[in-house]
Amino acid sequence: MKENSTVVSEALKRGFTLIEILIAVSIVAILATGAAISIPKMLEDSKIKAAKTSVMALRDAVIAYNLSYGKYPSNLEALADDSGDKDPIIESEDMLVDPFGNDYKMEGKGSRIVIVSAGPDGEFGTSDDISSKSKKKSQ
């Protein structure tokens with residue numbers, strides 16, 4: 001009989017104490033809080049990078065349109081137009097919407113066309129706009 005009680009006693013000693021469980025839960029909670037804080041910022045940064053890539057791709061598509069048809073498009077929707085004898089320059093009109101859910105805008109004329117995303121705030125003309133215009137370094 002004494003052997004059975006020794007086995008039970010050793011099994012109880014091998015379990016976790018309440019303090020150990022609380023410490024483990026606290027560590028997990030701290031890590032989860034850190035992730036909850038940093039993930040939205042990372043998502044915002046990735047949307048900004050995607051918009052920067054897209055404005056440059058759309059600018060290149062406008063140049064390709066000019067090379068194919070001898071004129072610049074009147075609007076960005078013309079890049080996806082497959083009516084008549086034209087082949088579309090871009091695959092779908094989904095490419096004309098930025099990662100924030102707003103339409104891209106084409107500004108300028110001729111070879112000075114600039115593609116602009118309204119950025120995270122969704123309003124054009126603010127400091128967070130994303131543009132295909134190259135920014136020169138100030139000296």
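These numbers were taken from a predicted model, which means no experiment stands behind them.

This next bit is on the overall build of the protein. Regarding its fold elements, the protein presents two helices and three strands. Listing the helices and strands of the protein from first to last along the sequence gives α-α-β-β-β. By the burial criterion, 19% of the 139 residues in the protein qualify as buried. Put simply, 36% of the contacts in the protein that link residues at least 6 apart link residues at least 24 apart.

Right, let's talk about the environment of Ile48 for a bit. Tracing the backbone through its elements, the reader meets Ile48 in helix 2 (residues 18–69). Counting along the chain gives 80 residues from Ile48 to Asp128, while the straight-line C-alpha distance between them is 9.4 Å. Not counting chain neighbours up to four residues away, the residues in contact with Ile48 comprise Phe100, Pro120 and Ile130.

Along strand 2 (residues 114–117), one buried face is formed by Val114 and Val116 and the opposite face, lined by Ile115 and Ser117, is buried too. Where strand 1 (residues 105–107) and strand 2 come together, three bridges link them in antiparallel fashion. Within strand 2, the position partnered with Met106 by the bridge is Ile115. Hairpin connection, strand 1 to strand 2: the antiparallel pair is bridged by six residues, and Gly108 has positive phi, about 90°. Looking at chain direction, strand 2 and strand 3 (residues 130–131) are connected through two bridges and run antiparallel. Counterpart to Val116 in the pairing with strand 3 is Ser131.

Taking 1.5 Å as the rise per residue, helix 2 with 52 residues should run 76 Å; its terminal C-alpha atoms sit 75 Å apart, in good agreement. Approximately 25° is the largest bend angle found in helix 2, and it occurs at Ser38, with the proline Pro40 only one to four residues beyond. Along helix 2, the residues classified as buried are Ala51, Val55, Leu58, Ala61, Val62, Tyr65 and Asn66. Where helix 2 is buried, its residues touch strand 1, strand 2 and strand 3.

Given two aromatic rings, their pairing is described by the distance between the two centres and the angle made by the two planes. By the definition in use, this model includes one aromatic pair. The positively charged end of Lys105 is found above the aromatic ring belonging to Phe124, 4.4 Å away from the centroid.

Here is what the cut-offs are and how they apply
- Residues numbered from 1 in each chain as written.
- Predicted model: local features only at pLDDT ≥ 70, side-chain atom pairs only at ≥ 80, totals over all residues.
- Heavy atoms only, no water.
- Helix = DSSP H or I, 4+ residues; strand = E, 2+ residues; numbered from the N terminus.
- Buried < 20%, exposed > 50% of the residue type's maximum accessible area, 1.4 Å probe, protein only.
- Contact = heavy atoms within 4.5 Å.
- Pairing = 2+ DSSP bridges.
- Expected span 1.5 Å × (residues − 1).
- Bend = angle between axes of the 7 residues up to and from the residue.
- Phe/Tyr/Trp six-rings, centres within 6.5 Å; stacked < 30°, edge-to-face > 60°.
- Lys NZ or Arg CZ within 6 Å of the ring centre and 35° of its normal.

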